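Examining the three-dimensional arrangement
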Amino acid sequence: MLLKKTKLAGIISLVLCTTAVASTTAIVVDSSGAHDFGPYVSAMDTSSAATGTMTSATYTQKYAQQFSYDIGAPWTYNEYCVSDSDVCKMFWNGTKTDNSDGLFVWRRNILNTYGDYNGSYESETTSSVNTIEVSPASLPLSRKITALDGAVEVGYGTSAGKIVRRGYYGTTSLLPEFTENGGFSSAYDAADITVTKSGTSTTFNNKLIVGQASVQWSNADDTGRFNRCFNSAANDSRTDYDQLYNCPGFDLQASFWDETGITASYLTGKTNWLSTGSYATFIANAYAINTSGFAVGFSTQQIYQSTSGGRARATIFKPTVESADVLSYKMTEITKPKTDAGDDYNEIIRDTVAIDITDKVYVSASSSFATADGTDSDSQAFIVVGNRTYNQLQNRSYATEFFTYDVKTQETRYPFKTNPIKGASSQVSKINNDGIVVGWRDDRGETSPTAQGSPRFQSAFIYDYKTKKSAYLDDLYCKGMDDSDVKYRFANAISISDPDANGNVVVVSNAFDYKNIDNYKNRLGSTPVVLTMTISADELANLSTTSQCPINTEENYSRSGGSMNWFILLPTMLLLFRRFKR
């Protein structure tokens, strides 16, 4: 779907069901303006969802890059295209004579960020919160809202020619220590931390914002990689996206700020990554922080001796209360998503990343999650969710698998591994404080090889950590409906609220509106849409993988105009890019 800059026109409730069927709300878009792709949802204030006044952040894109791509996280784009050569050429060149719907124009625009080398830099995204377009004076371009802390926006933006990226919390810019060429910072989450030093009465109580900040030029070198990322000529090389592996041109460290945003503090040593070396760009990031101060994300290990030889490894940043005003941190790798793959895990697994962590702790399969003990002890059963990507073919496909990790026991699960086949893909984006997980996975029936083939369609899922039950959101939507009324497909579930007083949760998802049942069956004539779904406590207790939707007709991946939204089909890593506020 090609949209001319979308503004949210309203929120329309659809009367779809009785109390036995999940209720769905669509954010309808009006086509007008300059941005062409979307809308996508990037954040939800789950505290507002619980009160029935959901606040969400959405955005549209100028270009056709994956919605999950993040220049500050090379694991989101460093696989490049692994599909059939003709498919990869289509992704790179687009389908129009001016290439405006291809990845090449997106990459060329990045090369214009700092010096307008190939032309004027264009804002990649336009963001809004509940129909209000956001455009702050200090960071007016490519603004991305990654979290909503109540009414306060968390994210990052660009000031072309001055700052390639700067994180923000509300109206406050979050400054890096290293500011050459403007430096680089991103923000992904914020939380009110109240944590007591174990065995004492010393308590830290403060708001913290987490993300990443520049600490030096890439590999402590010079501006070479920075220029090759943001300020040089386009080469039109689709095999490595015009040397995109040089991005972001800085070494970045997982960081945190207080609300003043004045100085970045580090969740580990300033230049302490999981390994060192003389080749890779070293990057760490914190995607999430819980109310006890435990943060999760990734850090770089140099696996190969090359500029692109770094690999992301899932990490947890554990706090220690030093005083009422000071937290210190220790970084620990979450190793099992890597080592569980076998002795040659560095050859098998490409990247592992931790995406989110609960505030509350797991008790048992039959009990709700319990309140944490309020200390900095790491013997608490916080549950972490993340993703691992394969470097070796799994049944002729480069798979991605989501995992869960218990901080107390280190138990690691792979809920959809080899389900339904070896090489099946799944990605997680959020876990709520009762262990309900959302993300996306291969759609039902999507089993064809992706290596040198075509991408698989993806479908949003929900999974209960306690009961190990799961369902496609499509099936919850279709259940109890007449086939003639079915028109939505849920593609990427992005966030989920905590249960309200009745045990109901709200999920927000990227989706497609097919308008009618014939288009739905044939995947034709769709329009991107953001959907929210309210799922009852009874539905959560009875999640099922039984198909409830009309049977699909034979499908293929050739693009028909803009309706197929081919750019969203690539089964690559989650970004995120983003952090979705609990």
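Our subject is the structure listed above.
Now for a look at the structure at hand. Treat the numbers as computed from the prediction; the structure is a model and nothing was measured.

The rules behind the values
- Residues numbered from 1 in each chain as written.
- Predicted model: local features only at pLDDT ≥ 70, side-chain atom pairs only at ≥ 80, totals over all residues.
- Heavy atoms only, no water.
- Salt bridge = Lys/Arg side-chain N within 4 Å of Asp/Glu carboxyl O.
- Helix = DSSP H or I, 4+ residues; strand = E, 2+ residues; numbered from the N terminus.
- Buried < 20%, exposed > 50% of the residue type's maximum accessible area, 1.4 Å probe, protein only.
- Pairing = 2+ DSSP bridges.
- Axes fitted to C-alpha atoms, helices over the stretch in contact; angles between N-to-C directions.
- Disulfide = S-S within 2.5 Å.
- Phe/Tyr/Trp six-rings, centres within 6.5 Å; stacked < 30°, edge-to-face > 60°.
- Lys NZ or Arg CZ within 6 Å of the ring centre and 35° of its normal.
- Contact = heavy atoms within 4.5 Å.

**Remarks on the pattern of salt bridges**
One pass over the full model with this rule turns up 20 salt bridges. Aspartate 378 is the partner of lysine 318 in a salt bridge, and the nearest nitrogen-oxygen pair spans 3.2 Å. A residue pair is termed long-range when its members are at least 10 positions apart, and lysine 318 in strand E17 (residues 310–323) and aspartate 378 in the loop between strand E19 (349–357) and strand E20 (383–390) qualify at 60 residues. Under the relative-accessibility criterion, aspartate 378 is labelled partly exposed at 37%. Residues lysine 487 and aspartate 513 are paired through a salt bridge, measuring 4.0 Å at the closest nitrogen-oxygen approach. With lysine 487 in the loop between helix H7 (473–478) and strand E27 (488–496) and aspartate 513 in strand E28 (residues 505–513), the pair connects residues that are 26 residues apart, well separated along the chain. Taking the relative accessible area as the measure of exposure, lysine 487 reaches 24% and is therefore partly exposed.

**As for the sheet that holds strand E16 (residues 295–302)**
Overall, antiparallel pairing links the 4 strands, which are arranged E15-E16-E17-E18 in an open sheet. Each edge of the open sheet is held by one strand with a lone partner, namely strand E15 (284–289) and strand E18 (326–333). Averaged over all neighbouring strand pairs, the angle between strand axes comes to 30 degrees, with direction disregarded. Two elements, E17 and E18, share 8 bridges in a ladder whose sense is antiparallel. Of the residues in E18, the one forming a bridge with threonine 315 is glutamate 333.

**A word on the state of the cysteines**
Counted according to the given criterion, the structure contains 3 disulfides. Each bonded cysteine in the protein chain gets a number by its place in the sequence, and the pairs come out as 1-2, 3-4, 5-6.

**Points about the packing of aromatic side chains**
Enumeration according to the criterion identifies 35 aromatic pairs in this entry. Note on tyrosine 362 and phenylalanine 369: the rings are 5.8 Å apart at their centroids and 65 degrees apart in plane angle, and the pair reads as edge-to-face. Grouping residues by exposure puts tyrosine 362 and phenylalanine 369 together as buried. Chaining the aromatic ring pairs together yields one cluster made of Tyr114, Phe178, Phe184, Trp217, Phe226, Phe230 and Phe250. Above the plane of the ring of tyrosine 465 lies arginine 413, whose end atom (NZ or CZ) is 3.8 Å from the centre. The ring of tyrosine 520 has arginine 489 sitting right over it, with the charged end atom 4.0 Å from the ring centre.

**Describing unusual backbone geometry**
Residue proline 39 is bonded to the preceding glycine 38 through a cis peptide linkage, with omega at 10 degrees. Note that proline 39 resides in strand E3 (residues 37–45). Geometrically, the link from asparagine 419 to proline 420 is a cis peptide bond, its omega value of 10 degrees lying close to zero. Note on placement: proline 420 falls in the loop between strand E22 (412–413) and strand E23 (426–431). The phi angle at alanine 220 is positive, at roughly 50 degrees, despite the residue not being glycine.

**Describing helix H3 (residues 103–110)**
With respect to burial, H3 is a largely interior element, 7 of its 8 residues being buried. All buried positions along H3 are accounted for by Leu103, Phe104, Val105, Trp106, Arg107, Asn109 and Ile110. Next to the buried residues of H3 lie helix H2 (85–93) and helix H4 (224–230).

**A closer look at the sheet that holds E22**
Spatially, the 4 strands line up as an open sheet ordered E19-E20-E21-E22, and their pairing is antiparallel. One side of each edge strand has no neighbouring strand; the edge strands of this open sheet are E19 and E22. Two strands pair when backbone bridges link them, and E20 and strand E21 (residues 400–406) are joined in this way by 7 bridges, in the antiparallel orientation. If you follow valine 384 over to E21, its bridge partner there is tyrosine 405.

**Section: the pairing of E3**
Of all 9 residues in E3, 9 are buried; the element is thus mostly enclosed. Sheet topology places E3 next to strand E4 (residues 55–61); 6 bridges connect them, and they run antiparallel. Considered in E4, the bridge of valine 41 is made with threonine 58.

Take it as geometry only, folks, not as evidence of what the structure does.
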